[in-house]
Amino acid sequence: MTDRQVPPSNVRAVRGAIAETRRQWRDFQQQLKAVHGVREGSRIACALTHDAPVTDCT
């Protein structure tokens, strides 16, 4: 995303929201790995983010 796609008054809020979402996703992936083990947790995260998890997340 470029700053030009967001009104100048909202740039800081959008950047903060992006950073927070990335932090939450990172934390969620860590929890998946803690609960299910590194291999299976990674596969679950992959399946959530890919359109063809059967072939993409082996």
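Residues numbered from 1 in each chain as written. Predicted model: local features only at pLDDT ≥ 70, side-chain atom pairs only at ≥ 80, totals over all residues. Heavy atoms only, no water.

K.L.:
Teacher, can you tell me more about the packing of helix H1 (residues 11-36) against helix H2 (residues 38-49) here?
P.N.:
Packed helices, taken two at a time, are described by their axes: the angle between them and the distance between them. Packing of H1 against H2 brings their axes to within 6 Å, and their N-to-C directions diverge by 140°. One element, H1, and the other, H2, form an angle in the oblique class. Taken as a pair, H1 and H2 cross one another with a handedness that is right-handed. Listed contacts from H2 to Trp25, Phe28, Gln29, Leu32, Lys33 and His36 of H1 are Val38, Glu40, Gly41, Ser42, Ile44, Ala45, Leu48 and Thr49. Along the lines of polarity and charge, the residues of the contact of H1 with H2 split into 7 nonpolar, 5 polar and 2 charged. (Axes fitted to C-alpha atoms, helices over the stretch in contact; angles between N-to-C directions. Helix = DSSP H or I, 4+ residues; strand = E, 2+ residues; numbered from the N terminus. Parallel < 35°, antiparallel > 145°, perpendicular 65-115°, else oblique. Left-handed = near helix turned anticlockwise from the far one by under 90°. Contact = heavy atoms within 4.5 Å. Nonpolar A, V, L, I, M, F, W, Y, C, P; charged D, E, K, R; others polar.)

K.L.:
It is not clear to me how the state of the cysteines should be interpreted in this structure. Could you clarify?
P.N.:
Here a disulfide denotes one covalent bond, and it connects the sulfur atoms of two cysteines. Under the counting rule described, the total for this entry stands at 1 disulfide. With its sulfur 2.0 Å from that of its partner, cysteine 46 forms a disulfide with cysteine 57. When the S-S torsion is -80°, as for the bridge of cysteine 46 with cysteine 57, the disulfide is left-handed. Separated by 11 residues along the polypeptide, cysteine 46 in helix H2 and cysteine 57 in the segment after helix H3 (53-56) bring together distant segments of the chain. (Disulfide = S-S within 2.5 Å.)

K.L.:
Where do I start with the pattern of salt bridges in this structure?
P.N.:
Between side chains of opposite charge, a pair can form when the charged atoms approach closely. Evaluation of the coordinates by the stated rule reveals 3 salt bridges. In this structure, glutamate 20 and arginine 23 form a salt bridge, with 2.6 Å as the shortest nitrogen-oxygen distance. Of this pair, glutamate 20 and arginine 23 both sit in helix H1, 3 residues apart, which is roughly one turn of that helix. The class for glutamate 20 is partly exposed, based on a relative accessible area of 33%. The partner of arginine 43 in a salt bridge is glutamate 40, with the nearest N and O atoms 3.6 Å apart. Here glutamate 40 and arginine 43 lie together in helix H2, a separation of 3 residues that amounts to about one turn. The exposure class assigned to arginine 43 is partly exposed, which follows from its relative accessible area of 36%. Each of Glu20, Arg23 and Asp27 takes part in one network of salt bridges that share partners. (Salt bridge = Lys/Arg side-chain N within 4 Å of Asp/Glu carboxyl O. Buried < 20%, exposed > 50% of the residue type's maximum accessible area, 1.4 Å probe, protein only.)

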